[in-house]
Amino acid sequence: MHRRPGLSVRLKLTLSYAGFLMVAGALLLGLVWVFLLRYVPDPPEVRPPQFLVLRGPSRHDLLVAFAPRAEQGMLFLLVFGLVGGWILAGRMLAPLARITDATRAAAAGSLAHRIGLEGRQDEFRELADAFDGMLARLEAHVAEQRRFAANASHELRTPLAITQTLLDVARREGTTDPGELVERLRAVNTRAIDLTEALLVLSRADQRSFDREPVDLSLLAEEAGETLLPLAEKHGVTLEISGDIARTAGSPALLLQMTTNLVHNAIVHNLPEHGRVRVETAVGADTVVLSVENTGDRLGRELVATLTEPFRRGTDRIRGDQAGVGLGLAIVKSIVQAHDGTLDLTAAAQGGLRVTVRLPRYATGKSK
C-alpha cells in the first residue's frame, strides 16, 4: 500500500516533548507575573519636592531585568526539550524498531526469527511476546502444511503408480484376465477416491466453512455404531454405545465424520479376536464429552503423540485393507479444533487407546 511520506513517530514525540516544556515554562512565567510582579507598585510620576522618598525597584525595573532572563530560559527549554526529547523518544521506540525488523523478516519468509525482548513487562514487551507467539504458531503451521503436502503427494502418487504398473503389465504380457485387471484397478481407484475425499473433509474443517446448529453427540454415536456394526462383526469386535444426551453446536456432517472416524479407528486397530470398543457421551458444566475406548496392543507415549499427524497410521497395529488412508485421526483433530474443542489421546495400561473429545456445551435458547 503506497502512502505519502510524513513525519516519523520519533520526531513527533520530540516535538511533543519540546512543546510540552515550552507550555510548562510559559505557564510558570505567567504564574510569576500574576503572583509576584503584579503586587510590585510603580512609583508615582510626580513627587513633592519637599519630601525625600527612598524607593526600591519598581515593576518596570523588575520587568527590564527579568525579561531577558525569561527569554534565555525559554530558549534553553526549547533546546533542552528538542535534544532530550529526541534521545528519550529514541530510547522509548527502540523496542518498536526491533518489532518492525522482525515483522519485515517474517514478511520475507523468515519465520524462525524471534524478537526476545528483555526487561520487565510493559506494552511493548507484551506486543513483542504476542508477536513471538504468533511467529511460533505460524512456523509450526507452515511446517505442518509442508509435511502434509509432501505426504499427500506421496500418498496420491502411490495409487497412480500402481495403476500405471497394472496397465503396463497387461499391455506387455497380454495374458492378464480382463476381469481381474478391472477389479484391481477398481480397488486402486477406490482408494484414491477415499484419499481425495478425506483431504477435502480435512480442508473444509481447517477453513471452518460450515454453519453451526445444535447437534446431539449421543445420536451421532448411535448412528456411527449402526453404520459400522457390520465392520465390527467382521473383525469380531464387540461394540458398546452408551451415555447421556450431549448437545453441542456445530456442523452435523463434520461431527458425524469425526464420530465415525473414531469408531472406525477403534474397530480396525483392535485385538485379533474378542476385541471391544466402548463409546460414551457425557455432559459437564460447560462441555460435552465423547470418549471412544478400545482394546488392543500396548502403545508407547511417543507413538500416541504422533497418531493425529496426517498419514501416521501406526503400522504395527494395522490389519488388512480397512486401515484407511492415514487421515482418520488427523481429520478428527481438525474437526475438533474447528469446533473450539480439545482432543486427548491416552494409551491404556492394559493395551488399547482412549480418545476423549470435549466440545462446548450448547445452551438452550442460544442463537445459532
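These numbers come from a predicted model, not from an experiment. (Residues numbered from 1 in each chain as written. Predicted model: local features only at pLDDT ≥ 70, side-chain atom pairs only at ≥ 80, totals over all residues. Heavy atoms only, no water.)

**Brief notes about the overall build of the protein**
- Across its full length, the protein carries 8 helices and 7 strands.
- For the protein, buried positions account for 32% of its 368 residues.
- When contacts within the protein are restricted to residue pairs at least 6 apart in sequence, long-range pairs at least 24 apart make up 71% of them. (Helix = DSSP H or I, 4+ residues; strand = E, 2+ residues; numbered from the N terminus. Buried < 20%, exposed > 50% of the residue type's maximum accessible area, 1.4 Å probe, protein only. Contact = heavy atoms within 4.5 Å.)

**Topic: the pairing of strand E5 (residues 287-294)**
- Among the 8 residues of E5, 6 are classified as buried, and the element is accordingly described as predominantly covered.
- Where strand E4 (residues 275-283) hands over to E5, the hairpin turn is made up of 3 residues, counted between the paired strands.
- Pairing analysis gives 7 bridges linking E5 to strand E7 (residues 353-360), with the strands arranged antiparallel. Bridge pairing links Val288 to Leu359 in E7. (Pairing = 2+ DSSP bridges.)

**With respect to the pairing of strand E6 (residues 342-347)**
- Strand direction decides the pairing type here: E6 and E7, joined by 6 bridges, are antiparallel. Opposite Thr342, over in E7, you have Arg358 as the bridge partner.
- As consecutive antiparallel partners, E6 and E7 are separated by 5 residues, and within that stretch Gly351 has a phi angle of approximately 115°, a positive value.

**A word on the confidence of the model for the protein**
- Summing up the model confidence of the protein, the mean pLDDT is 80 and the portion of residues at 70 or higher is 84%.
- Confidence over residues 315-323 falls short of pLDDT 50; this stretch has 20 contacts with residues more than four positions distant or in other chains. (pLDDT = per-residue confidence, 0-100.)

**Things to note about the sheet that holds E4**
- The strand order E2-E4-E5-E7-E6 describes an open sheet built from 5 strands, whose pairing is mixed. Edge positions in the sheet fall to strand E2 (237-243) and E6, since each has one partner strand and no second. Looking at each pair of strands side by side, their axes are set apart by 10° on average, direction ignored.
- Bridging between E2 and E4 involves 7 bridges; their strand directions are parallel. Bridged to Glu240 within E4 is Arg278.
- Contacts from helix H5 (residues 217-234) reach E2, E4, E5 and E7, with the element oriented near 170° to E2. (Axes fitted to C-alpha atoms, helices over the stretch in contact; angles between N-to-C directions.)

**Thoughts on helix H8 (residues 328-338)**
- Of all 11 residues making up H8, 8 are buried, and the element is well covered by its neighbours.
- Residues of H8 that are buried: Leu329, Ala330, Ile331, Val332, Ser334, Ile335, Val336 and Ala338.
- In the stretch just after H8, Asp340 is the one whose phi turns positive, near 60°.

**Brief notes about the pattern of salt bridges**
- Per the counting criterion, the structure on display carries 8 salt bridges.
- Here Arg354 makes a salt bridge to Glu293, at a shortest N to O gap of 2.9 Å. Note that Arg354 is positioned in strand E7 and Glu293 in strand E5, a separation of 61 residues in sequence.
- You can call Arg354 partly exposed: its relative accessible area is 30%.
- Each member of the salt-bridge network shares a partner with another, and the members are Glu240, Arg278 and Glu280. (Salt bridge = Lys/Arg side-chain N within 4 Å of Asp/Glu carboxyl O.)

**Quick look at the side chain of Asp132**
- Residue position: Asp132 is located in helix H3 (residues 123-173).
- Here Asp132 is buried and forms no salt bridge, its nearest opposite-charge partner Arg114 lying at an N-O distance of 5.2 Å.
- Within the local environment of Asp132, its side chain forms a polar contact with the backbone nitrogen of Gly116, the two atoms lying 3.1 Å apart.
- When residues no more than four places from it in sequence are discounted, the contact partners of Asp132 are Arg114, Ile115 and Gly116. (Lys, Arg positive; Asp, Glu negative; His and termini not counted. Polar contact = N/O pair within 3.5 Å; in protein donor to acceptor, adjacent residues only side chain to side chain.)

**Brief notes about the nonpolar core**
- With 45 residues, the main nonpolar core has Met258, Leu262 and Ile267 as its most contacted residues.
- If you list the elements that add at least two residues to this core, you get helix H4 (178-207), H5, helix H6 (252-268), E4, E5, H8 and E7.
- Here this core gets 8 residues from one element, more than from any other, and that element is H6.
- The residues touching Ile267, leaving out its near neighbours within four places in the chain, are Leu228, Leu231, Ala232, His235, Val237 and Val277.
- Residues Ala102, Leu111, Phe131 and Leu135 belong to the second largest nonpolar core, which totals 9 residues. (Core = buried A, V, L, I, M, F, W, Y, C linked by side-chain atoms within 4.5 Å.)

**Structural notes on a nonpolar patch on the surface**
- Residues Leu7, Leu15, Leu75, Leu78, Val79, Leu82, Val83, Trp86 and Ile87 make up a contiguous nonpolar surface patch of roughly 800 Å² in combined accessible area.
- Top element by residues in the nonpolar patch is helix H2 (residues 59-107). It accounts for 7 residues.
- Note on placement: Leu7 falls in the segment before helix H1 (9-35). (Patch = residues over 30% accessible without salt bridge, like charges linked within 9 Å, V, L, I, M, F, W, Y side chains within 5 Å. Areas by Shrake-Rupley, 256 points an atom, 1.4 Å probe, with all protein chains shown as cover.)

**Quick notes on H6**
- Here H6 spans 24 Å end to end across 17 residues, near enough to the 24 Å set by a 1.5 Å rise per residue.
- Along H6, the positions that sit buried rather than exposed are Leu254, Leu255, Met258, Thr259, Asn261, Leu262, Val263, Asn265, Ala266, Ile267 and Val268. (Expected span 1.5 Å × (residues − 1).)

**Brief notes about the packing of aromatic side chains**
- By the definition in use, this model includes 1 aromatic pair.
- Taking the centre distance of 5.9 Å and the plane angle of 20° together, the rings of Phe76 and Phe80 count as stacked. Here the residue Phe76 and the residue Phe80 both occupy positions in helix H2, the gap between them amounting to 4 residues, near one helical turn.
- A residue is classified by how much of its surface remains accessible, and Phe76, at 53% relative accessible area, is exposed. (Phe/Tyr/Trp six-rings, centres within 6.5 Å; stacked < 30°, edge-to-face > 60°.)

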